[in-house]
Amino acid sequence: MSTQAPRRPGELAFAVLMLVFSLWLFWEATRISGFSGLSTPGIFPMLASGLMVVSALAILRKAAGRRAADGGLRRFLAEVTPPRQVVMLALVGAYVAAMPWLGFLLSSGLFLFLAIQFLWRRNVMLTATIAAASLGAIYLLFRVIFQVVLPKGMLLPGLF
C-alpha cells in the first residue's frame with residue numbers, strides 16, 4: 001500500500017504552467033544581456049529564473065509521479081474554484097473594467113462596498129460606512145499626502 005498522498009486536482013496542470021512561465025522568464029532574462037559575462041545586468045534575472053526552472057521541474061516530476069485524485073472536474077471545481085472565489089474574481093474584473101469609465105473613486109467605492117457586503121454580509125449601512133471610510137483614508141493618503149493623481153473616469157470626468 002502506498003503512503004504517498006494522491007495528486008490534488010489541477011496540481012499537474014499547475015506544475016506544467018509553472019514550468020512554462022519559468023522558461024519564458026528565463027528566455028526574457030537572457031534577452032537583457034545574453035550570456036556575455038558574470039557582471040552583466042541580466043545575470044541575476046537569469047539566476048533567479050533558472051532557479052525557478054529547476055524548482056518547477058522538481059515539482060512537476062513529483063506531481064507526475066503521484067496517482068491522480070478521484071473526483072475529476074467536479075472535485076477540481078469544488079476545491080480550486082469555489083463560488084466565493086469566482087464571485088470575488090468577477091468583482092475584481094468588473095472593478096478593472098469600470099476604472100476607465102467611472103474613475104478611481106467611484107469604481108473603488110463600488111468595489112469596496114460590494115466586496116465587503118458579499119464577504120461580510122452585515123447591515124448595508126454599516127458596509128457603506130466602512131467602504132466610505134476606507135475610501136476616504138485611501139484618498140487622504142494617496143491624493144492629499146503623497147499627491148498621486150488618481151484616474152478620472154470618462155463618463156463623469158468633473159465629478160471627482
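The text that follows walks through the structure, step by step, so that each part is easy to find.

Reading the values: the criteria
Residues numbered from 1 in each chain as written. Predicted model: local features only at pLDDT ≥ 70, side-chain atom pairs only at ≥ 80, totals over all residues. Heavy atoms only, no water. Helix = DSSP H or I, 4+ residues; strand = E, 2+ residues; numbered from the N terminus. Rg over C-alpha atoms; globule rule 2.2 N^0.38 Å. Buried < 20%, exposed > 50% of the residue type's maximum accessible area, 1.4 Å probe, protein only. Contact = heavy atoms within 4.5 Å. Areas by Shrake-Rupley, 256 points an atom, 1.4 Å probe, with all protein chains shown as cover. Lys, Arg positive; Asp, Glu negative; His and termini not counted. Charge placed at Lys NZ, Arg CZ, Asp CG, Glu CD. Polar contact = N/O pair within 3.5 Å; in protein donor to acceptor, adjacent residues only side chain to side chain. Core = buried A, V, L, I, M, F, W, Y, C linked by side-chain atoms within 4.5 Å. Salt bridge = Lys/Arg side-chain N within 4 Å of Asp/Glu carboxyl O.

**Here we look at the overall build of the chain**
Right, so step 1: Secondary structure assignment for the chain yields five helices and zero strands.
Right, so step 2: Relative to its length of 160 residues, the chain is extended, with a C-alpha radius of gyration of 23 Å against a globular reference of 15 Å.
Right, so step 3: Projected onto its principal axes, the C-alpha coordinates of the chain cover approximately 60 × 50 × 25 Å.
Right, so step 4: The burial tally for the chain puts 24% of its 160 residues in the buried class.
Right, so step 5: Excluding contacts between residues fewer than 6 apart, the proportion of contacts in the chain whose partners are at least 24 apart in sequence is 60%.
Right, so step 6: On the chain, roughly 11,300 Å² of surface is accessible, and the fraction owed to carbon and sulfur atoms is 73%.
Right, so step 7: Of the side-chain charges in the chain, 14 are positive and 4 negative, and the distance between the mean point of each set is 9 Å.

**Let's talk about unusual backbone geometry**
Right, so step 1: At Arg121, a residue that is not glycine, the phi angle is positive and equals roughly 55°.
Right, so step 2: For Arg121, the position within the fold is in the loop between α4 (83-120) and α5 (124-145).
Right, so step 3: The backbone of Gln147 sits at a positive phi, close to 55°, despite the residue not being glycine.
Right, so step 4: Relative to the assigned elements, Gln147 resides in the segment after α5.

**With respect to the side chain of Ser107**
Right, so step 1: Within the secondary structure, Ser107 is located in helix α4.
Right, so step 2: With a relative accessible area of 3%, Ser107 lands in the buried category.
Right, so step 3: Among the polar contacts listed, one links the side chain of Ser107 to the backbone oxygen of Gly103, at a separation of 2.5 Å.
Right, so step 4: Those residues in contact with Ser107 that lie beyond four places of it in its chain are Tyr95, Ala98, Met99 and Leu102.

**As for the nonpolar core**
Right, so step 1: By size, the foremost hydrophobic cluster in this structure holds eight residues: Met99, Phe104, Leu105, Leu112, Ile116, Ala131, Leu135 and Leu150.
Right, so step 2: For this core, the elements supplying multiple residues, two or more each, are α4 and α5.
Right, so step 3: Broken down by element, this core gets its largest block of residues, five residues, from α4.
Right, so step 4: Setting aside anything within four residues of it in sequence, one finds Phe104 in contact with Tyr95, Met99, Gly109, Leu135, Ile138, Leu150 and Pro151.

**Examining the environment of Arg67**
Right, so step 1: Along the polypeptide, Arg67 turns up in the loop between α2 (43-64) and α3 (72-80).
Right, so step 2: Separated by 36 residues in the primary sequence, Arg67 and Gly103 place their C-alpha atoms 49 Å from one another.
Right, so step 3: Arg67 has contacts with Pro6 and Arg7, leaving out every residue within four places of it along the chain.

**Remarks on the pattern of salt bridges**
Right, so step 1: Taken as a whole, this structure holds four salt bridges when the rule is applied.
Right, so step 2: One salt-bridge network, held together by shared partners, links Arg8, Arg75 and Glu79.

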